[in-house]
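# Descriptive structure summary
Here is what each chain is made of, one letter per residue.
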Amino acid sequence: GINAEYGGFCASVHLRPFLAHSRLPVRSSFFCPYSSFSMESNSTKRKLTIGTHDGAFHCDEALACFMLRLLPEWKDANVVRTRNPKILDECDIIVDVGAQYDPSRHRYDHHQREFTDTLDENHKVTKLSSAGLIYKHFGRQVIQKVLDTNDTQLVEKLFYLIYKKFIEAVDANDNGVARFGNAKPLYEESTSLAARVGSLNPTWNETDVDVQARFFKASQMAGQEFLDCLNYYAKSWLPSRVIVESAFKKRVEETADERIILFDGFCPWKSHLFEIEEEQKCKPILFAIYPDSNGSW
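Let me begin by describing the structure that accompanies this report. Computed from a predicted model, the values in this text were never measured in an experiment. (Residues numbered from 1 in each chain as written. Predicted model: local features only at pLDDT ≥ 70, side-chain atom pairs only at ≥ 80, totals over all residues. Heavy atoms only, no water.)

Positive phi values are uncommon outside glycine, yet A99 reaches one of about 60°. Backbone geometry places H106, a non-glycine residue, at a positive phi of 60°.

Below, the discussion takes up the packing of aromatic side chains. Under the criterion given, the structure shown has 13 aromatic pairs. Ring geometry for F166 and F226: centres 6.0 Å apart, planes at 65°, overall edge-to-face. Of this pair, F166 sits in helix 4 (residues 152-175) while F226 sits in helix 6 (residues 211-249), and the two are 60 residues apart along the sequence. Of the two residues, F166 and F226, neither departs from the other in class, the shared state being buried. Positioned over the ring face of F159 is R140, at 3.8 Å from the centre of the ring. The lysine or arginine in question, R251, covers the ring of F248, its NZ or CZ lying 4.0 Å from the ring centre. (Phe/Tyr/Trp six-rings, centres within 6.5 Å; stacked < 30°, edge-to-face > 60°. Helix = DSSP H or I, 4+ residues; strand = E, 2+ residues; numbered from the N terminus. Buried < 20%, exposed > 50% of the residue type's maximum accessible area, 1.4 Å probe, protein only. Lys NZ or Arg CZ within 6 Å of the ring centre and 35° of its normal.)

Residues T49 and G51 of strand 5 (residues 49-52) are buried on one face, and the alternating residues I50 and T52, pointing to the opposite face, are buried as well. Note that strand 5 and strand 6 (residues 78-81) share four bridges and pair parallel. Within strand 6, the position partnered with T52 by the bridge is R81. Assessed by its sense of winding, the connection that carries the chain from strand 5 through helix 1 (residues 59-68) to strand 6 is right-handed. Pairing geometry for strand 5 and strand 7 (residues 93-95), over two bridges, is parallel. From the neighbouring strand, I50 faces strand 7, where its bridge partner is I93. (Pairing = 2+ DSSP bridges. Right-handed = clockwise from strand over helix to strand, strands pointing away.)

Moving on, we come to the layout of surface pockets. The computed volume of the largest pocket comes to approximately 1000 Å³. If you trace the largest pocket, you find 26 residues lining it, with A169, N173, R179, E189 and S192 closest to the centre. Broken down by element, the lining of the largest pocket gets its largest block of residues, eight residues, from helix 4. The residue makeup of the lining of the largest pocket, split by class, is 16 nonpolar, four polar and six charged. (1 Å grid on protein atoms, 1.4 Å probe; cavity = no way out; pocket = protein on both sides within 12 Å on 5 of 7 lines; lining within 4 Å. Points joined across faces, edges and corners; volume = space filled by probe spheres on them. Nonpolar A, V, L, I, M, F, W, Y, C, P; charged D, E, K, R; others polar.)

Okay, the environment of I93 next. Within the secondary structure, I93 is located in strand 7. The buried category is assigned to I93, whose relative accessible area is 0%. Excluding residues within four positions of it along the chain, I93 makes contact with T49, I50, G51, L68, W74, H106, R107, Y108, I134 and F138. (Contact = heavy atoms within 4.5 Å.)

With that out of the way, let us pick up the pattern of salt bridges. Enumeration according to the criterion identifies 13 salt bridges in this entry. As a salt-bridge pair, E245 and R241 come within 2.9 Å of each other at their nearest N and O atoms. Note that E245 and R241 are positioned in helix 6 at a spacing of four residues, about one turn of the helix. Among the ionic pairs, E279 bridges to R241, the shortest N-O distance being 3.0 Å. (Salt bridge = Lys/Arg side-chain N within 4 Å of Asp/Glu carboxyl O.)

This part covers the packing of helix 4 against helix 6. Where helix 4 meets helix 6, the axes come as close as 10 Å, and the angle between the chain directions of the two elements is 130°. Taken together, helix 4 and helix 6 sit at an angle that is classed as oblique. Here helix 4 and helix 6 pass one another in a crossing that is right-handed. The residues of helix 6 that touch helix 4, namely those facing L154, K157, L158, L161, I162, K165, F166 and I167, are A222, E225, F226, C229, L230, Y233, A234, W237 and L238. (Axes fitted to C-alpha atoms, helices over the stretch in contact; angles between N-to-C directions. Parallel < 35°, antiparallel > 145°, perpendicular 65-115°, else oblique. Left-handed = near helix turned anticlockwise from the far one by under 90°.)

Within the secondary structure layout, E61 lies in helix 1. Residues contacting E61, with those up to four places away along its chain left out, are T52, H53, A56, D96, S130 and F215.

Our focus in this paragraph is the side chain of T82. Structurally, T82 can be placed in the loop between strand 6 and helix 2 (85-89). Within the local environment of T82, its side chain forms a polar contact with the backbone nitrogen of N84, the two atoms lying 3.0 Å apart. (Polar contact = N/O pair within 3.5 Å; in protein donor to acceptor, adjacent residues only side chain to side chain.)

Below, the structure written as structure tokens:
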């Protein structure tokens, strides 16, 4: 089989499994816009391959491929887009295609009729997409690698937080889970991450479109927003919890009224404060006071 590689993403021509019984010379290279593809002799270490489906792409497999390639084991892996079962069988890991969910064999599809898995027993509504499956099995490693940390408590907290704040929406969108139940939306949403990824697919009347390059762009876009989300909650949102807890404990001595909380400066405080109020079973805070960038309160 012949593949053209785009920064690790491969377009498959459905001839034969690309790693088996090739009649190409021992080494053949093809020029591509992003990098080159080559078939080496058996003495050269073979790159791992991530398999996913071709055709129209979606946010879940675009993100799944990106997350996998954040890990040392998969960072140089080629991404092969095909529905040819013989080619997929040669892949080291398959996401979003193949009708199999078998972590022991690195098969991560969610389209089979019997599939009902969610992240855990606390997430009973949203079935996992391929993004959620990869996150469930590799998410902790991804967080540890991206943040360069061995703090298992931090990783565990972020694992569930990032699922709630980012991954679950991708799962829900791909599986058709309505955000508002049976309520009729008051407006159309066309700017979500899933919508923006979908918009990169060729339209019905576009010709001569490089779909592989479009998929690469979609994967990078989804992946960068995942990284932005992770970095925000790890480096900005979580550290502000300490500030809110301190202000909560000192609110009476600083304001003489437990319904008022005083901050020395702005930080993300609302969600932390709501959590602390619930944990402490206290009366709700009515006023939060802090200086703004102009020196006013």
